[in-house]
Structures are given as C-alpha cells and as structure tokens.
Amino acid sequence: MSKTVETEGALETRGIEQVPDHERTGRTRELFPTWVGANISVLLLTMGASLVVAYHLNIWQALVVAVAAPVVSYGLVGLIGIAGKRGGAPGMALSRAVFGQRGNLLPGSLIWVARWGWETINAVTGAYAMLSILEIVFGIKANSVLDMVTLLVFVVATFAISGLGINAVQKCNKYATYFFGAFSVLVLVYLAVKTDWSKVMDHSAGSTAAVITGIGMIAAGGVSWIPTAPDFTRYLPRTASSKAIVGTAVGGAGVVVLPMVLMGAVMAVATPDLASAADPVSFLGKILPTWIAVPYLLIALVGMLLINSMSMYSAGFTAQTLGFKVPRHWAVSVNAVISLVFGGVLMLVATSFMGSFIAFLSLLAVAFSAWVGVFGADMFRRTEYDGRAMADTTRTSAYWYKGGFSPAAVAAWAIGLVSGLMFTTSDWFTGPLAKNNVIGEYGLGWVATIVISGVLYMALPKPGIETPASDTEEPARADGPGESVSGPTGEQATAAV
C-alpha cells in the first residue's frame, strides 16, 4: 500500500474502541521486538544476583530459573494476547465483556494502581542509570536535587514516547533490540574472560523451594504484562496464528531474560553485595570497564524508557475504561505525574531499593493474577467480542448483565485475590496461610490466585454469550473527546504490531 499523509501520522488516534477489520493488517513477527523491549532492564541483573545472594542458588539452578520464568509468564502473556486478535481492542476494554461494564471497574482500578508502582520502579531505575552515567563520564556525584532532575527528565521522555502511541513505541523497540543484543554479547564475552569460573562452579546449591520461589520472582515482571497483551495484538487480523502470538512473546522475553539473569548471577559470585546495592545500576560502573559500562548504561536507560512507555501506553487505556473522558495521550499524563511523585519518595526516603522492589513484585503478581484467572477462563467459552457492547456503558449494553456486574466474574476475582494474598509473603505483608504449606513456602501465592479465580469462574453460573453485531461499520468511540476518528491504517497499522 502506498503511503499517505494519514498513514504517516506519528500520533496514534485510536483509543479503547474496537479496531475495524480493514485496519487490522499487522503481522505476528512484529510482536517479537515488543517483548524484547519490555525486558531491557538492568533490574534483571540485580534479580539474577539475588538468586545467588538471597536465595543461595548455584549457577545451574539460576539457569533453570532463567529458562522457566519467561516460559511461564510470557506463555500466559501470549495466551491472553490471543484475545486481542479476537476482539481488536485493549485488554481492559475486552475485560468489560467478562466482568460487566461496572464490574470491570474493580479489577481495572486495582491494575491501574498496581501500574503506578511498576512505573515508579522503572522511572527510578532510569534515573539511577542517568546518575551513574554522569558520575562515570563527568565525575558528577548524585545529590537530592540531581536525583529529582534526572527523575523528571526520565518521566517527561517516557510521557513523550507513550503519548505518541504504539507506532513510536514499536519503532523505538526495534532499534533498541539491535543495540541491546550487540552490547549484551560484548558483556557476556567480557565476563567469560574475566570471571573466576572455578568460584562460580563451586558455589553450593540451594533448596528446591528457593528455585521455585526464584522462578516466581523473575516471572512476576512478565505477569504484570498479561492484562496489557491484547493492547499490542489488537491490530492483528482475526486469522493471525495463535501459536505465533505465544511464540513471539516467549521468544522475545527469553532472549533477554536468560542472559541477563545469568549475567547477574555470575556477577554476584565475584561481588556478593550486588543484590543489596543502594541502587540497582551503579554497580555496572564498578564491575565493567568504562568503555563497556557507559554504552551499556545508555542502552539500559533506553530500555527503561521503552518499558515505562509501554506500561504508560496501556495505563492510558485502563484509565479510559475507568471513565476518564479524555484522549488516551492525556490519560497517560496521569500516570506520569504519579510515577514522578512516588519515584521522588522512593529515591529520597527508601533505604533499600531491591528490598522494596522484591516486596512489590510479590504483591504485584497476585494483584494481576486474579484478573488473569477469570479472563483466561472466559477465553475458553468466548471467541468473539462485541465492539458496540464494549463501547456502550449504559444499561442497553449486552455486557451490562446484572446491574452492570457479572456476578460470577466479580465473585471469582475477589475470592481468588483474597486467597492469593493469604498465601503470600513479602517485606510489606505476610498472609496468615503463608507458612507451613507448600504454596506459601514456595512463593506460589500468585499461581494459587490464577487457579482459584479461574476454577471458580468456570464453576459459577454465567450469563449467556450473545453473537456480536456486524463489523461492517466502525464501532462508536469510547475514549472521550479530542480523538480523531481516523486510526492507523495500512503500513501504519502494520508497524503498530
């Protein structure tokens, strides 16, 4: 298709409404850099170090964790992403079909709030990367004022990319993937030459419980992307391969998670205090030579920008489904301000970044998993989504159910959430059932949440499924004022996926 002014537009105009079939021309292979970009984070190095220092695993056990975690978490990301090609809408908009127009506000609100924490962690990590570069290159030491300046710069850059939309995010992901891959190979070669491998191989093994808990810790990052998976697959045609959607998610994440976690584990053998560093980035300047550390930190900085941009991009959709009557790019600004405020608190007040991060991950996984269990179970019975019913938030909607709620979905979500929290342990919260049982001791609270909520939803009586209205006309927009009716078409839609 030849390019037009419309297809070359930089600003994505579509919100939470269903994408018409004629615009859904994306290709599954273009999802690969999306999930690569979603994992370009130096936090994986620190988490890999934690496997050795905190969980007492050896290098072979760390390898098991590094392989299993992306398979489990991004396997779920890919499976839920199939709903995007079925319904052509963001995940939290499709969720209205499952929970009801009002019922969807409950998991939607929790997921939106949980994203505040995830975006805050990413923003702080990006700010630390900038601080480390300034110190290595220019000798500028960090202070409270500089902390806030770098945090502000990072958040503003994130808002700019995510506000433009999926085209900007995907193009940045593509180039970041190439640079990150090249420098990761360089770091791996350097570590292979400089590491005392006898010390690495002699490290004693940890317990099976620690291995499984480690898988859960690494997988929690992937779990946070599950509800947003349809956001990045909604431009795929209905005929797109489901296997390819799952494969690109697992493959894209795996090629980053595996080497990063192993690098962190190897680094921790030589530098045991890596996992408890004051910030998760500055150690790179101490372990790696300047000619590797500086460009690697720059790439890590870009990676954190992309991760946060993807998160804020989806958060804008979530805000719209909660009733914010503003265009998507303005809905994104709400999360930007929140991450700036919370990030400032974390950088100035928190005494242990990694301790706060791991505690947050354990609770984040449970918060997202309750929705995953219900929505995933619903996908077994629902293969189509009614765009008009999703956009209609009044009593006339086919997804109004009983008073705007689907009793089965809401009940299963709530019971699964509470049950999962009861089995969860973190520095901030310990459930009453977190001790003296396999689920609690192995850190499987988030798995229990998915299973309980999913099984309950399948067991409870549910409203029938109506056949969606014809897609011959474009569904009404449901994303508030200020958005143009036109969206990505042709080559722009292809680039969007």
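Residues numbered from 1 in each chain as written. Predicted model: local features only at pLDDT ≥ 70, side-chain atom pairs only at ≥ 80, totals over all residues. Heavy atoms only, no water.

Looking up the protein chain in an unreviewed UniProt entry gives the name Purine-cytosine permease-like protein, with the organism given as Streptomyces murinus. In the Subcellular location (unreviewed entry) part of its UniProt record, the protein chain is described as follows: "Membrane". Quoted verbatim from the Sequence similarities (unreviewed entry) field of UniProt, the annotation for the protein chain is "Belongs to the purine-cytosine permease (2.A.39) family." (UniProt positions renumbered as here; feature names shortened; annotations may be inferred.)

### With respect to unusual backbone geometry
Of note, Tyr401 is a non-glycine position whose phi angle comes to about 55 degrees, a positive value. Tyr401 sits in the partly exposed class, given a relative accessible area of 21%. In this structure, Asn436 takes a positive phi of about 60 degrees despite not being glycine. As for its position among the elements, Asn436 is in the loop between helix 16 (407-422) and helix 17 (438-441). When its relative accessible area of 73% is taken as the criterion, Asn436 is described as exposed. (Buried < 20%, exposed > 50% of the residue type's maximum accessible area, 1.4 Å probe, protein only. Helix = DSSP H or I, 4+ residues; strand = E, 2+ residues; numbered from the N terminus.)

### Some thoughts on the environment of Val65
Structurally, Val65 can be placed in helix 3 (residues 59-87). For the pair formed by Val65 and Gly48, sequence separation is 17 residues and the distance between their alpha carbons is 9.2 Å.

### A word on the packing of helix 16 against helix 18 (residues 445-459)
Between helix 16 and helix 18, the least distance of the axes is 8 Å, while the angle of their chain directions is 155 degrees. Considering their axes alone, helix 16 and helix 18 lie roughly antiparallel with respect to each other. Relative to helix 18, helix 16 is oriented so that their crossing is right-handed. Here Ala408, Ala409, Ala412, Ile415, Gly416, Leu417, Ser419 and Gly420 of helix 16 lie close against helix 18, whose contacting residues are Gly445, Thr449, Ile452, Ser453, Leu456 and Tyr457. For the contact of helix 16 with helix 18, the class distribution of residues is 8 nonpolar, 6 polar and no charged. (Axes fitted to C-alpha atoms, helices over the stretch in contact; angles between N-to-C directions. Parallel < 35°, antiparallel > 145°, perpendicular 65-115°, else oblique. Left-handed = near helix turned anticlockwise from the far one by under 90°. Contact = heavy atoms within 4.5 Å. Nonpolar A, V, L, I, M, F, W, Y, C, P; charged D, E, K, R; others polar.)

### With respect to the packing of helix 3 against helix 9 (residues 208-223)
Interaxial distance between helix 3 and helix 9 falls to 8 Å at its minimum, and their mutual angle equals 40 degrees. As summarised for this structure, helix 3 and helix 9 are arranged oblique, according to the angle between their axes. Crossing geometry of helix 3 relative to helix 9 is assigned as right-handed. Judged by residue contacts, Gln61, Val64, Val65, Ala68, Ala69, Ser73, Tyr74 and Val77 of helix 3 engage Val211, Gly214, Ile215, Ile218, Ala219, Gly221, Gly222 and Val223 from helix 9. Residues that form the contact of helix 3 with helix 9 fall into these classes: 11 nonpolar, 5 polar and no charged.

### Remarks on the pattern of salt bridges
Under the counting rule described, the total for this entry stands at 5 salt bridges. Here Asp21 ties to Arg238 by a salt bridge, and the two come within 3.1 Å at their closest N and O atoms. Of this pair, Asp21 sits in the segment before helix 1 (32-37) while Arg238 sits in the loop between helix 9 and helix 10 (242-270), placing them 217 residues apart in sequence. Residue Asp21 is classed as partly exposed on the basis of its relative accessible area, which comes to 36%. In this structure, Asp378 and Arg382 form a salt bridge, with 2.7 Å as the shortest nitrogen-oxygen distance. We note that Asp378, like Arg382, is buried. Where salt bridges share partners, they join Asp21, Arg24 and Arg238 into one cluster. (Salt bridge = Lys/Arg side-chain N within 4 Å of Asp/Glu carboxyl O.)

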